[in-house]
Amino acid sequence: MMAAGAAAHSEHGRHIALAMQKIGKGLLPAYRIRDEDKLYRIAELLDIDTLGKEMLEVAYDVATKTLEDYQNQDHHKGCHWISATLPDKRVDLLSRLGALPHNIDATVSQIMARTHIGCDAEPKNVFLGGIRGALADFNGMSLATELSDVMFGTPSPVVTEANIGVIDKDAVNIAVNGHNPLLSEIICDIARDMNDLAKEAGAEKGINIVGICCTGNEVMMRHGVPLATNYLSQEMAILTGALDAMVVDVQCIMPSLPQVGNCFHTEVITTMDENKMQGARHISFHEQNAVETAREVIQCAINAFTRRDPNKINIPNVKQTAVVGFSSEAVITALSNLDAVDPLKPLVDNIVNGNIQGVALFAGCNSTQTVQDESYQIIAKTLAANNVLLLATGCGAGAFAKHGLMNQQATEQYAGDSLKAVLTQIGDAAGLNGPLPLVLHMGSCVDNSRAVTLATALANRLGVDLCDLPVVASAPEAMSEKAIAIASWGVAIGLPTHLGTIPQVTGSDVVTELMQEGAKDLFGGYFIVETDPKIAGNKLVEVIKAKRQGLGI
Ligand code: MSK
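Residues numbered from 1 in each chain as written. Predicted model: local features only at pLDDT ≥ 70, side-chain atom pairs only at ≥ 80, totals over all residues. Heavy atoms only, no water.

## Here's the deal with the side chain of threonine 145
Next up, step 1: Residue placement: threonine 145 occurs in helix H7 (residues 123-152).
Next up, step 2: Residue threonine 145 is classed as buried on the basis of its relative accessible area, which comes to 1%.
Next up, step 3: From its side chain, threonine 145 meets the backbone oxygen of valine 446 in a polar contact 2.7 Å long.
Next up, step 4: Once residues lying within four places of it in the same chain are set aside, the contact partners of threonine 145 are Val446, Asp447, Ser449 and Arg450. (Helix = DSSP H or I, 4+ residues; strand = E, 2+ residues; numbered from the N terminus. Buried < 20%, exposed > 50% of the residue type's maximum accessible area, 1.4 Å probe, protein only. Polar contact = N/O pair within 3.5 Å; in protein donor to acceptor, adjacent residues only side chain to side chain. Contact = heavy atoms within 4.5 Å.)

Shown next as structure tokens:
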């Protein structure tokens, strides 16, 4: 599962990096570099000389050096992105343990080889091999996130809406579902051009793009596109009878969608040649013809709109305001309103004085083993009442957005007094006329690296390792292989990491012990498996208190 997760995130990252290389050579006119400052910051981070180079040349060099993380054959050299993004102390520890990958592809391949019948059968060795795969996942997601920001813009706070009520019966509704923003970004651009065509077809309000899963998170945080739903309820968007097309790319797409679509007029459109579904229309996407593909997809949706059966339309009137788009840069910008010279200082001071007890990152999916979205809310409310700052990504972010925990009212209602005071101080200084939202939306599941960037900055600032910080992670509904990879690197970088679903390891007492106590000794991070969300919330509060004691604060 760790290898599959690493492969999924890293293929996504490779796709982005290869596209950026082509942009650097001027071969993809539909795309451009939208965040030049970030491009140069990354170039510096990766030790790339930019002197006298054109911006596109720098983009090419950044993409090329990034792709070395898929090709390096020297076992003594680690991946560039891990070395550039984790604290030195952590990189040293992982290196001593032999847990650092030297090459993403080779690491995935090695895991597949060593788990073949008759190979690695020593539990700790298998576990550490898996951890290398998980760290390859971290590397793949870091580069995917950061290069996406360069190409599509670094998210900053934007107000939008979430839940199934964002589907509008008077518009041509197109859902973008999956993970990779390469096509959805262009669909957002081209939809503006084709709006009048939709009106001519009878859609009073033109085209309404809505998001599902993590492609939804990507376009929500960069363009304020409303989120219809997250993983487990993706079929429900079709059941409204008003979804004209669902366009999918990669990962977490239910193969049942075309069958559900057949009960209505909905076009289910696959776009990646390596991700097709029986019964779906396939429109092959390649960056070179991104605009034509986007036009074809949108035209399909407009045509489908004309075939709608009004008697089948039933859109539940549920939606919530959500303030989203808190990249690590956006958090630093918000903090800089309090201290322009040293933006981290207000955060550090409030953690040290206890106004903020700690930080929790919610990551991961929905699972059929739980009531959808419920445990996220229970754990978050417990932590918020105990003055813990909350961050979220992926379908966890979707859960909070849909249920009204990503707005100012939620902060007023659920945050403990000192947390509320800090969020209000930052929000007011940022011109929001009130607090920051209760849960900060950091992006899609590939964007978990954003939270690590923030945690690394905190650790470096305090001169400690990540495992010393009062920072925890929680995946209450972990389901996919990617979620297992994320949780595993969370442990490897030192975070106590809660899982609300039981991982498939309980057949071995040795591995079960290794994940919990054994991992603690090796990494400082460890798994906390707890299926009861009330108990899980309290356990995480206790962990944060213990970490504070360890720091003497
Ligand atoms: S989509 S990996 S169900 S978060 Fe990113 Fe959601 Fe988990 Fe898929």
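## Regarding a nonpolar patch on the surface
Next up, step 1: Residues Val352, Leu462 and Ile553 make up a contiguous nonpolar surface patch of about 210 Å² in total accessible area.
Next up, step 2: With respect to the helices and strands, leucine 462 occurs in helix H20 (residues 448-462). (Patch = residues over 30% accessible without salt bridge, like charges linked within 9 Å, V, L, I, M, F, W, Y side chains within 5 Å. Areas by Shrake-Rupley, 256 points an atom, 1.4 Å probe, with all protein chains shown as cover. Salt bridge = Lys/Arg side-chain N within 4 Å of Asp/Glu carboxyl O.)

## Topic: the side chain of arginine 222
Next up, step 1: Of note, arginine 222 is situated in helix H10 (residues 213-223).
Next up, step 2: Apart from the residues within four sequence positions on either side, arginine 222 is in contact with Ser148, Asp149, Phe152, Gly153, Pro155, Glu185 and Arg450.

## Focus on the sheet that holds strand S14 (residues 526-529)
Next up, step 1: If you walk across this open sheet you meet the six strands as S11-S10-S9-S12-S13-S14, and the pairing is parallel. With partners counted over all chains shown, the strands left at the sheet margins are strand S11 (439-443) and S14, one partner each. Averaged over neighbouring strand pairs, the angle between their axes works out to 25 degrees when direction is ignored.
Next up, step 2: Where strand S9 (residues 358-362) meets strand S10 (residues 388-393), five bridges bridge the pair, whose relative direction is parallel. By the bridge assignment for S10, phenylalanine 362 is matched with alanine 392. (Pairing = 2+ DSSP bridges. Axes fitted to C-alpha atoms, helices over the stretch in contact; angles between N-to-C directions.)

## Some words on helix H16 (residues 374-385)
Next up, step 1: An ideal rise of 1.5 Å per residue puts 16 Å on 12 residues; H16 measures up with 17 Å between its terminal C-alpha atoms.
Next up, step 2: Looking at H16, one finds that the buried residues are Ser375, Tyr376, Gln377, Ile379, Ala380, Thr382, Leu383 and Ala384.
Next up, step 3: Asparagine 387 occupies a position one or two residues after H16 and carries a positive phi of about 65 degrees. (Expected span 1.5 Å × (residues − 1).)

## Considerations on the nonpolar core
Next up, step 1: Counting residues in each nonpolar core, the largest one holds 102 residues, and the members touching the most others are Phe362, Leu390 and Phe523.
Next up, step 2: Looking at this core element by element, the count peaks at eight residues for H7.
Next up, step 3: Discounting residues that sit within four places of it in the chain, phenylalanine 523 has contacts with Arg90, Leu93, Leu94, Leu97, Phe127, Leu128, Ile131, Cys467, Val491, Ala492 and Gly494.
Next up, step 4: Core analysis: the second largest hydrophobic core is formed by 63 residues, Ala19, Leu39, Val219 and Ala294 among them. (Core = buried A, V, L, I, M, F, W, Y, C linked by side-chain atoms within 4.5 Å.)

## Comments concerning helix H21 (residues 481-492)
Next up, step 1: The terminal C-alpha atoms of H21 lie 17 Å apart, and with 12 residues this matches the ideal 16 Å at 1.5 Å per residue to within 8%.
Next up, step 2: For H21, the tally of buried residues reaches 11 of 12 residues, placing the bulk of the element in the interior.
Next up, step 3: Those residues of H21 that sit buried are Lys482, Ala483, Ile484, Ala485, Ile486, Ala487, Ser488, Trp489, Gly490, Val491 and Ala492.
Next up, step 4: Where H21 ends, the next residue or the one after it, glycine 494, has phi of about 110 degrees, a positive value.

## As for the packing of aromatic side chains
Next up, step 1: Summed over the entire model, instances satisfying the criterion amount to five aromatic pairs.
Next up, step 2: Centroid distance tyrosine 376 to phenylalanine 400: 5.6 Å. Interplanar angle 80 degrees. Geometry classified as edge-to-face. Taken together, the residues tyrosine 376 in helix H16 and phenylalanine 400 in helix H17 (residues 394-402) connect sequence positions 24 residues apart.
Next up, step 3: Take phenylalanine 400: its relative accessible area is 0%, and that puts it in the buried class.
Next up, step 4: Taken together, the ring pairs in this structure connect Phe362, Tyr376 and Phe400 into an aromatic cluster.
Next up, step 5: Just above the ring of tyrosine 60 sits the side chain of lysine 25; from NZ or CZ to the centre is 4.4 Å. (Phe/Tyr/Trp six-rings, centres within 6.5 Å; stacked < 30°, edge-to-face > 60°. Lys NZ or Arg CZ within 6 Å of the ring centre and 35° of its normal.)

## Some points on the pattern of salt bridges
One side chain can pair with another of opposite charge once the charged atoms of both are near each other.
Next up, step 1: Under the definition given, this model contains 27 salt bridges.
Next up, step 2: We note a salt bridge from aspartate 465 to arginine 90, for which the minimum N-O separation is 2.8 Å. In this pair, aspartate 465 sits in the loop between H20 and strand S12 (471-475) while arginine 90 sits in helix H5 (residues 88-96), placing the two residues 375 residues apart along the sequence.

## Some remarks on the environment of tryptophan 489
Next up, step 1: As for its placement among the helices and strands, tryptophan 489 is situated in helix H21.
Next up, step 2: Residue class for tryptophan 489 comes out buried when judged on its relative accessible area of 2%.
Next up, step 3: Considering only alpha carbons, one finds tryptophan 489 and glycine 525, 36 residues apart in sequence, at a separation of 9.2 Å.
Next up, step 4: The contact partners of tryptophan 489, leaving out residues within four places of it in the chain, are Ala134, Leu135, Asp137, Phe138, Met141, Asn448 and Val452.
Next up, step 5: Polar contacts involving the side chain of tryptophan 489 include one to the side chain of aspartate 137, which spans 2.9 Å.

## Focus: the domain arrangement of the protein chain
Next up, step 1: Structurally, the protein chain comprises domain 1 (1-152), domain 2 (164-306) and domain 3 (324-551).
Next up, step 2: Contacts between the two partners involve 16 residues from domain 2 and, on the opposite side, 23 residues from domain 3.
Next up, step 3: Both sides together, the interface formed by domain 2 and domain 3 hides about 1400 Å², and carbon and sulfur atoms give 67% of it.
Next up, step 4: Ranking the residues of domain 2 by area buried against domain 3 places Met221, Asn230 and Leu232 at the top, with a combined share of 39%.
Next up, step 5: On inspection of domain 2 and its partner domain 3, the count reaches zero salt bridges.
Next up, step 6: At the junction of domain 2 with domain 3, the criterion picks out 13 residue pairs in polar contact (both at pLDDT 80 or more).
Next up, step 7: Of all elements in the fold, only H10 and strand S4 (227-229) reach the threshold of two or more residues within the side of domain 2 that touches domain 3.
Next up, step 8: For the side of domain 2 that touches domain 3, the element with the highest residue contribution is H10, accounting for seven residues.
Next up, step 9: Counted by class, the side of domain 2 that touches domain 3 contains eight nonpolar, six polar and two charged residues. (Domains from an automatic or database assignment. Buried area = accessible area lost by both parts, 1.4 Å probe. Nonpolar A, V, L, I, M, F, W, Y, C, P; charged D, E, K, R; others polar.)

## Looking at the environment of glutamine 299
Next up, step 1: When you line up the elements, glutamine 299 lands in helix H13 (residues 290-305).
Next up, step 2: Sequence-distant contacts of glutamine 299, defined by excluding residues within four places in its chain, comprise Met194 and Leu197.

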